[in-house]
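So the chains spell out like this:
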Amino acid sequence: MSSSAPSAPPAGVAALAPRTLLWASVGVALVTIVMKTMAWHLTGSVGLLSDALESFVNLAGAVFALAMVTVAARPADDDHPYGHHKAEYFSSGFEGILIVGASIAIFWAAAHRLTEPQPLEQVGWGLALSVASSALNGGLAWLMFRSARVYRSVALEGDARHLVTDVWTSAGVVVGIGAAGLTGWLWLDAVVAMAVALNILKEGAHMVWRASQGLMDAAVEPEAQAAIDAALQTFAQREPALRFDHLVTRQAGQRRFAGLHLHVPADWSLGRAARLRGAVEAALMHAVPGLRVTIELLPVGVEAYRDGDPPQDPLHPQERE
């Protein structure tokens, strides 16, 4: 069994580390909370109030994501021999739940204001503060998405998606307040806030679903599966007597795992079979960075038991197809 973990970005790729960006996310969240709260205080807009609430959610999500990335970076130990990489899925799921909760709160506040519209004040300053905070969130989200792809960080991607929902919230609020100011239809402020709430509710539900799939040992991505299949096919073509089967994969944060059976001719020496297994492991880890491979050696014509196979008497095994 061999392993390889991506602890640094590939050569030639510039990307900030997840912890660095999450600390930046905490700082940006604090700044935007102040800016958006001031915007709400100046205008009295329920849309800007919902925008400020979303920034508080951003802060909580960034702090939790930072904690989970720290846990995920811990090395494997006796209690967690496969590492702590799944901690990042808790972060993504937690942020999704926060987004869902924020969307419900925003919708509730907007619905109340819809029945009791109130005049807006100092709209220009409020919109300027909202646009400036959105620019901060948008720029940070772009850096996070870039780093998340390089480091395969689910927590970082989740926080980036959260920031994008905040940008959409702010954009909707700006449109609503601008339209209300131009037309005098104060109910537009509440209607736009409700529409934005429904949009971020959808994003939050998607994040919770994606995190649940990771915690349930979902298979690796189709691209990684194709790379594994291609590497195995190369060895099978080179040595027709070989056979690969019972391939299973799963992913856990930055890590990906694969297990399979390698059948070799029964007259091969153990040394020759072990050298081949090492070559196959190296090829698979080269094809899929961060892959941990477990290969079971078997003679051709011999099968291994799997989960779900009917129990048999170990002293009188029956021949299996």
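Residues numbered from 1 in each chain as written. Predicted model: local features only at pLDDT ≥ 70, side-chain atom pairs only at ≥ 80, totals over all residues. Heavy atoms only, no water.

Caption draft 1: A look at the packing of helix H1 (residues 18–43) against helix H5 (residues 154–183). Direction vectors running N to C along H1 and H5 enclose 25°, while the axes themselves pass 11 Å from each other. When the axis of H1 is compared with that of H5, the two are roughly parallel. Between H1 and H5 lies a crossing whose hand is left-handed. Facing H1, whose interface residues are Pro18, Leu21, Leu22, Ser25 and Lys36, H5 presents Leu156, Asp159, Leu163, Asp166 and Ser170. (Axes fitted to C-alpha atoms, helices over the stretch in contact; angles between N-to-C directions. Helix = DSSP H or I, 4+ residues; strand = E, 2+ residues; numbered from the N terminus. Parallel < 35°, antiparallel > 145°, perpendicular 65-115°, else oblique. Left-handed = near helix turned anticlockwise from the far one by under 90°. Contact = heavy atoms within 4.5 Å.)

Caption draft 2: Local environment of the pattern of salt bridges. Scanning the entire structure with this criterion turns up 3 salt bridges. In this structure, the salt-bridge partner of arginine 161 is glutamate 157, at a minimum N-O distance of 3.1 Å. Residue arginine 161 and its partner glutamate 157 are both found in helix H5; the two are separated by 4 residues, about one turn of the helix. Glutamate 221 is the salt-bridge partner of arginine 256, the closest N and O atoms lying 3.4 Å from each other. Separated by 35 residues along the polypeptide, arginine 256 in strand S2 (residues 255–264) and glutamate 221 in the loop between helix H6 (187–215) and helix H7 (222–238) bring together distant segments of the chain. On the accessibility criterion, glutamate 221 (23% relative accessible area) is partly exposed. (Salt bridge = Lys/Arg side-chain N within 4 Å of Asp/Glu carboxyl O. Buried < 20%, exposed > 50% of the residue type's maximum accessible area, 1.4 Å probe, protein only.)

Caption draft 3: Structural view of the environment of isoleucine 97. The residue isoleucine 97 is located in helix H3 (residues 87–115) in this model. Overall, the relative accessible area of 54% leaves isoleucine 97 in the exposed class.

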